[in-house]
Amino acid sequence: MSLIRSNNMFDPFSRDLWDPFQGFPFNNSRSLATTDETSSFANARIDWKETPEAHVFKADLPGVKKEEVKVEVEEGNVLKISGERRREKEEKNDKWHHVERSSGKFLRRFRLPENAKVDQVKAAMENGVLTVTVPKEEVKKPAVKAIEISG
């Protein structure tokens, strides 16, 4: 076995770092997610849970102001959450070493069930987490009438 470093990217013993984007025509050395201002914002991770009273959506939107987010109900029962995280302004003297945070527009749609009260949707933003609450209609239990058995 040789201890000489190799430039072969498939050499399992090489200490060279493999850059999967090497050779791609990017404008700068930034990652794929930040090369374009209209790049997707990691599809905005959203959880949807149902409680006995409501459907609750929680979206992690760190660094996004509430003025940059839209919550809408379209087509009667489709919840639409959209917005944009703007790219940080670059100064001429800045030298970026590593970029992982994404920027750009995001859009998510969820078809709400029939029991959703779409006219009572509420949204709140706290500590970078958007919470959208869609109340549910109360499920009416069918009236049960006991029938007396004769005989």
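See the structure shown above.
Residues numbered from 1 in each chain as written. Predicted model: local features only at pLDDT ≥ 70, side-chain atom pairs only at ≥ 80, totals over all residues. Heavy atoms only, no water.

> For this particular structure, what's the right way to read the overall build of the protein?
Tallying secondary structure elements over the protein gives zero helices and seven strands in all. Going residue by residue from the N terminus, the α and β elements of the protein occur as β-β-β-β-β-β-β. Out of the 151 residues in the protein, the part that is buried amounts to 26%. In the protein, the share of contacts with a sequence separation of at least 24, taken over all contacts with a separation of at least 6, comes to 55%. Of the roughly 12,600 Å² of accessible surface on the protein, 50% is carried by carbon and sulfur atoms. (Helix = DSSP H or I, 4+ residues; strand = E, 2+ residues; numbered from the N terminus. Buried < 20%, exposed > 50% of the residue type's maximum accessible area, 1.4 Å probe, protein only. Contact = heavy atoms within 4.5 Å. Areas by Shrake-Rupley, 256 points an atom, 1.4 Å probe, with all protein chains shown as cover.)

> What is the right way to look at the pairing of strand β4 (residues 78–85) in this model?
Counting buried positions over the eight residues of β4 gives eight, a clear majority of the element. Note: strand β3 (residues 69–74) against β4, six bridges, orientation antiparallel. Considered in β4, the bridge of V73 is made with L79. The antiparallel hairpin formed by β3 and β4 contains three residues in its connecting segment, where E75 sits at a positive phi of about 55°. Sheet analysis places β4 next to strand β5 (residues 104–111), joined by eight bridges and oriented antiparallel. Its bridge partner lying in β5, E84 is registered against K105. (Pairing = 2+ DSSP bridges.)

The values are spatial; any link to function lies outside them.
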